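Structure assessment
Read off the chains here:
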Amino acid sequence: IPEHYEEDVGNVLIPHGLIMDRINKLAQLITSEFNERLTVCCVLKGGHQFFADLVNAIKKRSTQKGKTLPVSFEFIRVKSYHNDQSTGKVQISLSEDELKDFKDKDILIVEDIIDTGRTMKALLEFLKDYQPRTVKVASLLVKKTPKSNGYIPDYVGFAVPDLFVVGYCLDYNDYFRDLDHICIISDKGRAKYALQ
Ligand code: PRP
Ligand code: MN
Ligand code: MG
């Protein structure tokens, strides 16, 4: 834990090494299941670190013997959280012009966490209009919560308990993204970085 967050996180829930091991397994699975060029779509900001490490792991597999998978990249900005609560308003930003690039592609959406599932349901509904050939979703985390709308992604890294988690690009009001491990926020950290 970096010194600047020492008092702001409680426990480490998933250490960085374990995240990387799991991502290597997911990369292996994804490489084995796709046969055409895959357009990997990063859901910013939270999905950035998982996207970067997953793509690296897919590339690394491609340099080893055996099956390789060509990938292209897209980036989409989706936001709905304020403090530790979903506002229910899912804002999606990407230009019409860029969205045309989704047509007839095999898309893998890469997300950090499915919590209530609102973000992913809204994003999938939104992307339908741009006629991708296929759409699958990889989420590093899925939260076990009664607030879930029942959405389950195609590829999952870990299931996590119903606690607010930060680190590995998951944030609380844009803090804690610069933390390698996935951690539980402390009461102190929650108060320190709270917004009105
Ligand atoms: C967070 C997280 C997921 C989504 C999950 O994004 O990164 O995208 O919320 O929550 P849900 O399943 O309840 O919709 P956020 O709105 O915080 O934007 P960010 O990725 O920029 O942090
Ligand atoms: Mn997000
Ligand atoms: Mg966030």
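Right above here is the structure, for reference.
Quick look at the structure, then. (Residues numbered from 1 in each chain as written. Chains lettered and ligands numbered in written order. Predicted model: local features only at pLDDT ≥ 70, side-chain atom pairs only at ≥ 80, totals over all residues. Heavy atoms only, no water.)

Points about the site of ligand 1
Taken together, 19 residues sit near ligand 1, with Ser80, Tyr81, Glu111, Thr116 and Thr119 positioned nearest. The backbone of Asp115 places a nitrogen or oxygen atom 2.8 Å from an oxygen atom of ligand 1. Coverage of ligand 1 by the protein chains reaches 96% of its 490 Å² of free accessible surface. The set of elements that each furnish at least two residues to the shell around ligand 1 consists of strand S3 (71-82), strand S5 (106-114) and helix H4 (118-128). For the shell around ligand 1, the leading source of residues is S3, giving five residues. Considered class by class, the residues forming the shell around ligand 1 number five nonpolar, five polar and nine charged. (Near = heavy atom within 4 Å. Polar contact = N/O pair within 3.5 Å; in protein donor to acceptor, adjacent residues only side chain to side chain. Areas by Shrake-Rupley, 256 points an atom, 1.4 Å probe, with all protein chains shown as cover. Helix = DSSP H or I, 4+ residues; strand = E, 2+ residues; numbered from the N terminus. Nonpolar A, V, L, I, M, F, W, Y, C, P; charged D, E, K, R; others polar.)

So, the sheet that holds strand S6 (residues 134-143)
Taken in spatial order, the six strands make up an open sheet running S4-S3-S2-S5-S6-S7, and their pairing is mixed. Whereas interior strands pair on both sides, the edge strands pair on one side only; in this sheet they are strand S4 (85-93) and strand S7 (155-160). Strand-to-strand twist of the sheet, defined as the mean angle between neighbouring strand axes without regard to direction, takes the value 25 degrees. Bridge analysis of strand S2 (residues 38-44) against S5 gives five bridges, and the strand direction is parallel. Paired with Cys41 across the two strands is Ile109, which belongs to S5. Seen against the sheet, helix H1 (residues 16-33) touches S2, S5, S6 and S7 and runs at an angle of roughly 150 degrees to S7. Its contacts with the sheet put H4 on S2, S3, S4, S5 and S6, and the angle it makes with S4 is roughly 25 degrees. (Pairing = 2+ DSSP bridges. Axes fitted to C-alpha atoms, helices over the stretch in contact; angles between N-to-C directions. Contact = heavy atoms within 4.5 Å.)

Some remarks on the nonpolar core
Core analysis: the largest hydrophobic core is formed by 32 residues, its most contacted members being Ile30, Phe50, Leu54, Leu140, Leu141 and Ile182. Among the elements of the structure, H1, S2, helix H2 (48-63), S5, S6, S7 and strand S9 (182-185) are those that each provide at least two residues to this core. Of all the elements, H2 adds the most residues to this core, at six residues. Once you skip the residues sitting within four places of it in the chain, Leu141 turns out to touch Ile14, Asp112, Ile113, Ile114, Phe158, Val160, Val165, Leu170 and Ile182. (Core = buried A, V, L, I, M, F, W, Y, C linked by side-chain atoms within 4.5 Å. Buried < 20%, exposed > 50% of the residue type's maximum accessible area, 1.4 Å probe, protein only.)

Some remarks on the environment of Arg190
Structurally, the position occupied by Arg190 is in helix H5 (residues 187-192). Accessibility expressed as a relative area gives 29% for Arg190, which makes it partly exposed. Sequence separation between Arg190 and Cys41 is 149 residues; the distance between their C-alpha atoms is 30 Å. Apart from the residues within four sequence positions on either side, Arg190 is in contact with Asp84, Phe164, Tyr172 and Ile185.

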